[in-house]
Amino acid sequence: MADLSDIITFLGTAGARFVMIRQFLASGGAWLNLGDTQILLDPGPGSLVQAAKRKLDAAKLDAIILSHRHLDHSGDINVMIEAMTDGGTKKRGMVFAPADALNQDPVILSYLRSYPQSMQILIAGGSYVINDVSFKTPIRHKHPVETYGFIFQTPRHTFSWITDTRYFADLASHYEGDLLIINVVRLKPGAPVDHLSLPEVKSIIEELRPKVAILTHFGMTMWRAKPWEIARKLTEETGITVIAARDGMKFDLAELET
Ligand SMILES: [Zn+2]
């Protein structure tokens, strides 16, 4: 079906605590419109507001995926589950989350867990299906809580999302795809060490050589350094198209073919 498209809408580009709590940047996660399938990834604080503002209807979501339980990723997950299930009146949709988001000190409230059609636990090496879209969680990231990145496969495109992690040697090798989206919290390596910094992200992009790389999830040092200027410089240095995500930005994966 030639008229189906894959479009990613950034409902926020804030990374880590300070950019989020001050809302210098929004923190609503990303809305994936993949053909007829709609997926919400990492609904941080303000996800409901950001989605409503952009006329994205949570009652039409097929799934909500949580990379990890930190608040900047999970703040609105409960209200988005309620919205996906039409206030709990319709048993529909799927929720995917690491086990530690559900077990001790859970970020997903118990009373909501019967609302979706299914709740599935993410594991290292896992693969999952949502309609005609599939995704994999190839490896557990190095982050203080259980965290996974993703490789999504639609009938038209493959793209990966490297979420929060400390850098490690074979990280890049797990995330091949035409498009790489990558969380880059820090401008320079250093504390907090559990996040990727720009030089590490540059080496990952050079190793993977995707058609396009999109930077997002900016911490304070990245935000102050103007991510769009950093992206322009990275494009020059690597020869790969690098884009800095902006709040509300839509990326149509058809752009990978041009
Ligand atoms: Zn985190």
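Caption draft 1: Structural view of the coordination of the zinc ion. In the first shell of the zinc ion, the protein supplies His 68 (NE2), His 70 (ND1), His 143 (NE2) and Asp 164 (OD), at 2.2 to 2.5 Å from the metal. One way to put it: the 4 donor atoms around the zinc ion meet at angles of 88 to 175°, and that makes the site irregular. All donors to the zinc ion come from one chain, and their sequence spacing reads H-x1-H-x72-H-x20-D. With His 68 in the loop between strand S4 (63-65) and helix H3 (71-74) and Asp 164 in the loop between strand S10 (158-162) and strand S11 (179-183), this pair connects stretches of sequence that are 96 residues apart. Of the residues examined, His 68 reaches a relative accessible area of 0% and is grouped as buried.

Caption draft 2: Seen up close, the sheet that holds strand S1 (residues 6-12). Taken in spatial order, the 7 strands line up as S6-S5-S4-S3-S2-S1-S14 in an open sheet, and their pairing is mixed. Each edge of the open sheet is held by one strand with a lone partner, namely strand S6 (118-122) and strand S14 (250-252). Ignoring strand direction, the axes of neighbouring strands in this sheet form an average angle of 20°. Alignment of S1 against strand S2 (residues 27-34), held across 6 bridges, turns out to be antiparallel. Considered in S2, the bridge of Thr 9 is made with Trp 31. Helix H4 (residues 77-84) contacts S2, strand S3 (37-41), S4 and strand S5 (94-98) of the sheet and is inclined by roughly 170° relative to S4.

Calculation rules
Residues numbered from 1 in each chain as written. Predicted model: local features only at pLDDT ≥ 70, side-chain atom pairs only at ≥ 80, totals over all residues. Heavy atoms only, no water. Donors = N, O, S within 2.8 Å, 3.2 Å for Na, K, Ca; no water. Tetrahedral: all angles 85-135°; square planar, octahedral: opposite > 155°, others 65-115°. Helix = DSSP H or I, 4+ residues; strand = E, 2+ residues; numbered from the N terminus. Buried < 20%, exposed > 50% of the residue type's maximum accessible area, 1.4 Å probe, protein only. Pairing = 2+ DSSP bridges. Axes fitted to C-alpha atoms, helices over the stretch in contact; angles between N-to-C directions. Contact = heavy atoms within 4.5 Å.

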